[in-house]
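Residues per chain are reported as follows:
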Amino acid sequence: MQAPSWVQDVFDHYLICEFTSIDNGKPVTFPLLFFYDNNSAKFVVTSSILFSRKIEHMKKNPKVSLLFSNPEGSGVEKHVVLVQGVAKIGDSDLDHGWERFLPMWRKKEPYIDGFLAAREQFAWFWKRIVV
Amino acid sequence: MEEWRYFQGSGGNQPLTALELVDPDRLSLFRYGVLTWIDKDGFPFSVATDFLLSENGEILLRKPSAHPTMIGADVAVLFNHITGIPTGGYTDRRYMLVWGRVSEDKGFLKLHPEEVSEWDEKVLPFDKLCAAAVPQGKKYLESLQPSIDA
């Protein structure tokens, strides 16, 4: 099903979402960079192992939500969209599994390459889990 | 992005007030909150809503038009700020996540804070945040160890 164009704009251009996982029945919400794959119509977020508590939550309860409420920096009109779904965790290749999303990441954060160049310095930040 | 400051308001004889748990000056830096609860279907449900601080330091959220199911339930309210950069990306990242419960109060939802977690990159630069999070990274790697060993 094709989403309305204003929803598509949100998915294509918003920088972040408010991502909620569930910890023992309590919601835990953090701002997260997300990627939307138009071909699969699925959302992807990645997480460093450094900030992996949310991954632990999702392994116990995969129900999550993504609220798109903050158009800051996106250049598109403000709309608010809530997406609920089931998270699937990919942590079999922490060093390279997330790299296929780098082109989408680069579009949102052009300076990420500079940070990536310091990969040795931030080694554990670049060990990433794909959701 | 996870916490650089975490505070839990339990353990004493008297419950802490919103003012004791949440710094109103810091909270006033945010424009709106994202109120989240677990809905009847078990999925998180979030709404963006305006808020104001009363003279008594109470956090009053504008009541969403629907979904009153969060009354009395565990809720999380995220106050988030970023500044977009014209060439792409963003800076000035800071957020405050407040857990607690809400009650109806004069047309608003009054937030009763119980725990707070927050990060401001101007207070704790990102590299220092990463350094502080190493124990969590180590724990996650250790949790994967059995599958690596297999």
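Residue numbers here run from 1 along each chain, matching the order of that chain's written sequence. Each chain is given a letter, starting from A, and each ligand a number, starting from 1, according to the order in which they appear as written. With pLDDT at 70 or above as the cut-off, local features in this predicted model cover only qualifying residues; side-chain atom pairs require 80 or more to be listed or tallied, and sums for whole chains, interfaces and linings still use all residues. The side-chain values count all of the structure's non-hydrogen atoms but skip hydrogen atoms and water molecules.

**Quick look at the overall build of chain A**
In this description a helix means any DSSP run of H or I spanning at least four residues, a strand means any run of E spanning at least two, and both kinds are numbered starting from the N terminus. For chain A, the helix and strand inventory stands at four helices and eight strands. Seen in sequence order, chain A has helices and strands lined up from the N terminus as α-β-β-β-β-β-α-β-β-α-α-β. With respect to the principal axes defined by its C-alpha atoms, chain A has extents near 40 × 35 × 25 Å. Accessibility here uses a 1.4 Å probe with only protein chains present; expressed as a share of the type maximum, an area under 20% marks a residue as buried, one over 50% as exposed, and anything in between as partly exposed. Taken over 131 residues, chain A has a buried fraction of 53%. The contact definition used throughout considers only heavy atoms, calling two residues in contact when any of these lie within 4.5 Å. Counting contacts in chain A only where the partners sit at least 6 residues apart, residues at least 24 apart contribute 62% of the total. In these tables, accessible area is a Shrake-Rupley quantity obtained with a 1.4 Å probe, and a residue counts as shielded only by the protein chains included in the view. Surface exposure of chain A reaches about 6,100 Å², of which carbon and sulfur atoms provide 52%. The charge count treats Lys and Arg as positive and Asp and Glu as negative. His and the chain ends do not count. Charge placement uses NZ in Lys and CZ in Arg. For Asp and Glu, CG and CD serve respectively. Side chains of chain A carry 16 positive and 15 negative charges; the gap between the two charge centres is 6 Å.

**Examining the sheet that holds strand E1 (residues 16-23) of chain A**
All names here are of chain A. At least two bridges found by DSSP between two strands is the condition for calling them paired. Here four strands make up an open sheet; going across it, the order is E2-E1-E6-E7 and the pairing antiparallel. At either margin of the open sheet sits one strand with a lone partner, and together these are strand E2 (26-33) and strand E7 (81-86). Between one strand axis and the next, the sheet turns by 25 degrees as a mean value, whatever way the strands run. When E1 meets E2, the two strands line up antiparallel, connected through eight bridges. Bridged to Ile 16 within E2 is Leu 33. Only the stretch in contact is used when fitting a helix axis, every axis being a line fitted to C-alpha atoms; angles between N-to-C directions are given from 0 to 180 degrees. Packed onto the sheet, helix H1 (residues 5-13) meets strand E6 (63-68) and E7 and runs at close to 70 degrees relative to E7. With respect to the sheet, helix H2 (residues 53-60) is in contact with E1, E2 and E6, its orientation differing from that of E1 by roughly 55 degrees.

**Concerning the interface of chain B and chain A**
How large an interface is tends to be reported as the accessible area lost when its parts come together. Contacts between the two partners involve 47 residues from chain B, matched on the other side by 48 residues from chain A. Buried surface at the junction of chain B and chain A, summed over both partners, amounts to about 4,200 Å²; 64% is from carbon and sulfur atoms. By salt bridge we mean one thing: a side-chain nitrogen of Lys or Arg within 4 Å of a carboxyl oxygen of Asp or Glu. The interface formed by chain B and chain A holds three salt bridges in total. Between Lys 26 of chain A and Glu 115 of chain B there is a salt bridge; the shortest N-O distance is 2.5 Å. Think of a polar contact as two N or O atoms within 3.5 Å of one another; within protein, one of them needs to be a possible hydrogen donor and the other a possible acceptor, and neighboring residues in sequence only count if both atoms come from side chains. Inspection of the region where chain B meets chain A yields 13 residue pairs in polar contact (both at pLDDT 80 or more). Put simply, the parts of the chain that give the side of chain B that touches chain A at least two residues each are strand E2 (33-38), strand E3 (44-49), strand E6 (75-84), strand E7 (90-105), helix H3 (126-132) and helix H4 (134-149) of chain B. Considering every element that reaches the side of chain B that touches chain A, the biggest residue donor is H4 of chain B, with eight residues. Here the nonpolar group is Ala, Val, Leu, Ile, Met, Phe, Trp, Tyr, Cys and Pro; Asp, Glu, Lys and Arg are the charged ones; every other residue, Gly included, is treated as polar. Grouping the constituent residues of the side of chain B that touches chain A by class yields 27 nonpolar, eleven polar and nine charged. Put simply, buried area is the surface a 1.4 Å probe can reach on two separate parts but cannot reach once they are joined, added for both.

**Section: the confidence of the model for chain B**
As a per-residue measure, pLDDT reflects the predictor's confidence and takes values from 0 up to 100. The predicted model of chain B has a mean per-residue pLDDT of 85, with 82% of residues at 70 or higher. The ipTM, which scores confidence in the relative placement of chains, is 0.91 for this predicted complex, and the corresponding pTM is 0.90.

**Quick notes on the pattern of salt bridges**
In this structure the tally under the stated criterion is 17 salt bridges over all chains. The partner of Arg 31 of chain B in a salt bridge is Glu 72 of chain A, and the shortest N-O contact between them spans 3.5 Å. Residue Arg 31 of chain B is located in the loop between helix H2 (24-27) and E2, and its partner Glu 72 of chain A is located in the loop between E6 and E7; the two belong to separate chains. Note on Glu 72 of chain A: relative accessible area 24%, which makes it partly exposed. With a closest N to O distance of 3.1 Å, Lys 127 of chain A and Asp 95 of chain A form a salt bridge.

**A short note on the pairing of strand E8 (residues 108-120) of chain B**
Residue and element names in this part refer to chain B. Across the 13 residues that make up E8, a large majority, ten, are buried. Across twelve bridges, the pairing between E7 and E8 is antiparallel. The partner of Val 102 across the bridge, within E8, is Leu 111.

**Considerations on the environment of Ala 48 of chain B**
In this fold, Ala 48 of chain B is placed in strand E3. Classification of Ala 48 of chain B by relative accessible area gives partly exposed; the value is 32%. Each C-alpha atom of the pair Ala 48 of chain B and Val 75 of chain B lies 13 Å from the other, and the pair is 27 residues apart in sequence. Excluding anything up to four places from it in sequence, Ala 48 of chain B contacts Leu 67 and Ser 69 of chain A together with Tyr 32, Gly 33 and Val 34 of chain B.

**Looking at the layout of surface pockets**
Residues and elements named next belong to chain A. Each pocket or cavity is described by its volume, and for the largest pocket that value is around 520 Å³. Here a cavity is any set of points on a 1 Å grid over the protein atoms alone where a 1.4 Å probe fits but cannot get out, and a pocket is any open set with protein on both sides within 12 Å along at least 5 of 7 lines; a residue lines the site when it has an atom within 4 Å of a point. Lys 42, Phe 43, Val 86, Lys 88 and Val 131 are, among the 22 residues lining the largest pocket, the residues nearest its centre. Breaking the lining of the largest pocket down by element, the ones donating at least two residues are strand E4 (42-44), E6 and E7. Broken down by element, the residue count for the lining of the largest pocket peaks at four residues, all from E7. When its residues are assigned to classes, the lining of the largest pocket shows 14 nonpolar, four polar and four charged. Grid points are joined across faces, edges and corners, and a volume is the space filled by probe spheres set on the points.

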